[in-house]
Number of protein chains: 2
Amino acid sequence: MSDDSLWAALADPHRRAIVALLLERPRPVGEIVEACGLSQPSTSKHLRVLRDAGLVRVRQDAQRRVYALDPAPIAELDAWLAPYRKLWSTSLDALGRRLDETVTDTAAETAAAPGESSDEEDADTSTTSPKD
Amino acid sequence: MSDDSLWAALADPHRRAIVALLLERPRPVGEIVEACGLSQPSTSKHLRVLRDAGLVRVRQDAQRRVYALDPAPIAELDAWLAPYRKLWSTSLDALGRRLDETVTDTAAETAAAPGESSDEEDADTSTTSPKD
DNA sequence: CTCCAATATGCCTCTGCGGTTATATGCCAG
DNA sequence: CTGGCATATAACCGCAGAGGCATATTGGAG
């Protein structure tokens, strides 16, 4: 499935930033404008795209419009990458070893020890937080 | 980190189709061209984008170039939506109640609301909040 | 060496997206 | 009713991206 509008909406880094903002708590537009440093109309357009993709919902509070995150589409994303998840659970270590061997940027003597590196501190693929 | 090129690469439905194709098994370019119904140069450009995003790698076999999927960036995606995953897995009902309270554009069927007005969202910073 | 097959790359066009400025709409206060 | 605030929309511009055609490049066959 993987709705095209969902991917298109999340393709923009500003919109991902907005989604990350709304992950913490619902916010009115003015707060979002101030946070992502864009002009108000531009932010409003981004919010419209997110709304059309179903990623956010609006609650009208007087003149303010409070946007809140709707996790359902992101669950769709999760469902999309479900088939891929088994890939890195099975063969990621072997492949990661190859990649780690390829990179070897400023490592001291990591390459000298074949297959006994028990605690590697890089482990970058898990500590990522949705921040732009 | 949520690399922009990764999202940009997956934003295109053709490229997602290619990724899905390579999920089954590695394939040479000709096969991908035939599968996604585009011209060969266009497909080659898409493959270049996927390559630059690190999503695929190439193995040269005579004149053929066999493309294979690299699951690591998709793992990055998984890490990105990790903070959101708890939204629909743990507090789905509570959040759903809040969403039910929100007024959407199509306020057709959500007319009858029982008497309750104390609306003050509780900030849940207990999660791994993606700081700005 | 020459030819062919497979793929990548260079132009060109065109559509769409993101941004800005100006304006419309809606809601509350006075 | 009128003014002001908060937000959405419209009109417009610039640019990046996606598609096609023609061509360069590379590796193998004869």
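Everything quoted here is computed from the prediction, not taken from an experiment.

Chemist: Sorry, what's going on with the overall build of chain A here?
Modeler: Scanning chain A from N- to C-terminus turns up six helices and three strands. Moving toward the C terminus, one meets the helices and strands of chain A in the order α-α-β-α-α-β-β-α-α. Within the span of chain A, comprising 132 residues, buried residues form 38% of the whole. For chain A, the share of sequence-separated contacts (at least 6 apart) that also reach a separation of at least 24 residues comes to 52%.

Chemist: Would you take a moment to explain the sheet that holds strand β1 (residues 27-28) of chain A for this structure?
Modeler: For sheets, the rule is that strands pair by backbone hydrogen bonds, running either parallel or antiparallel. Residues and elements named next belong to chain A. Spatial strand order, β1-β3-β2: three strands in an open sheet with antiparallel pairing. This sheet does not close on itself; its edge strands, each paired only once, are β1 and β2 (56-61). Examined bridge by bridge, β2 and strand β3 (residues 64-69) share six bridges and lie antiparallel to one another. Following the sheet pairing, V58 is matched in β3 by Y67. Contacts between helix α2 (residues 13-24) and the sheet are confined to β1, β2 and β3, with β3 contributing the most and set at about 90 degrees to the helix.

Chemist: Looking at this structure, I do not really get the protein's contact with DNA strand C. What am I missing?
Modeler: Surrounding DNA strand C, one finds 24 residues, the nearest of these being R15, K45 and H46 of chain A together with S44 and Y67 of chain B. When atoms of DNA strand C within 4 Å of the protein are sorted by moiety, sugar and phosphate together comprise 62%. At 3.5 Å, a side-chain N or O of D12 of chain A approaches a phosphate oxygen of DNA strand C. Taking S42 of chain A, its side chain carries an N or O atom lying 3.1 Å from a phosphate oxygen of DNA strand C. Counting only elements with at least two residues in the surface near DNA strand C, the list comes to α2 and α4 (40-52) of chain A together with α3 (29-36), α4 (40-52) and β3 (64-69) of chain B. Residue contributions to the surface near DNA strand C peak at five residues, all from α4 of chain B. Here the surface near DNA strand C is composed, by residue class, of seven nonpolar, ten polar and seven charged.

Chemist: Please clarify how the packing of α2 of chain A against α4 of chain A should be interpreted in this entry.
Modeler: Two packed helices can be described by the angle between their axes and the distance between those axes. Residues and elements named next belong to chain A. Direction vectors running N to C along α2 and α4 enclose 75 degrees, while the axes themselves pass 10 Å from each other. As judged from the angle between their axes, α2 and α4 are roughly perpendicular. Taken together, the residues of α4 that come into contact with α2 (itself represented by H14, R15, I18 and V19) are T43, H46, L47, V49 and L50. Grouping the constituent residues of the contact of α2 with α4 by class yields five nonpolar, three polar and one charged.

Chemist: Mind showing me how you'd approach the protein's contact with DNA strand D here?
Modeler: As a structural note, the neighbourhood of DNA strand D is formed by 23 residues, with S44 and Y67 of chain A together with H14, K45 and H46 of chain B the closest of them. For DNA strand D, the fraction of protein-proximal atoms (within 4 Å) that sit in sugar or phosphate groups is 62%. Between DNA strand D and R15 of chain B, the relevant distance is 2.8 Å, taken from a phosphate oxygen to a side-chain nitrogen or oxygen of the residue. Within the side chain of H46 of chain B, a nitrogen or oxygen atom sits 2.3 Å from a phosphate oxygen of DNA strand D. When residues of the surface near DNA strand D are assigned to their parent elements, the largest contribution, five residues, is made by α4 of chain A.

Chemist: For this particular structure, what's the right way to read unusual backbone geometry?
Modeler: All names here are of chain A. In this structure, A62 takes a positive phi of about 60 degrees despite not being glycine. For A62, the position within the fold is in the loop between β2 and β3. A relative accessible area of 60% places A62 in the exposed class.

Chemist: Teacher, can you tell me more about α2 of chain A here?
Modeler: Since the α-helix turns once every 3.6 residues, residues separated by three or four places project in the same direction. Residues and elements named next belong to chain A. Relative to the 16 Å expected for twelve residues at 1.5 Å per residue, α2 spans 17 Å between its end C-alpha atoms, a close match to the ideal helical length. Where α2 is concerned, the buried positions are R15, R16, I18, V19, A20, L21, L22 and L23. Its side-chain oxygen 2.8 Å from the backbone nitrogen of H14, D12 forms the N-cap of α2.

Rules used in this analysis
- Residues numbered from 1 in each chain as written.
- Chains lettered and ligands numbered in written order.
- Predicted model: local features only at pLDDT ≥ 70, side-chain atom pairs only at ≥ 80, totals over all residues.
- Heavy atoms only, no water.
- Helix = DSSP H or I, 4+ residues; strand = E, 2+ residues; numbered from the N terminus.
- Buried < 20%, exposed > 50% of the residue type's maximum accessible area, 1.4 Å probe, protein only.
- Contact = heavy atoms within 4.5 Å.
- Pairing = 2+ DSSP bridges.
- Axes fitted to C-alpha atoms, helices over the stretch in contact; angles between N-to-C directions.
- Near = heavy atom within 4 Å.
- Polar contact = N/O pair within 3.5 Å; in protein donor to acceptor, adjacent residues only side chain to side chain.
- Nonpolar A, V, L, I, M, F, W, Y, C, P; charged D, E, K, R; others polar.
- Parallel < 35°, antiparallel > 145°, perpendicular 65-115°, else oblique.
- Expected span 1.5 Å × (residues − 1).

Interpretation in functional terms is not warranted from these geometric data alone.
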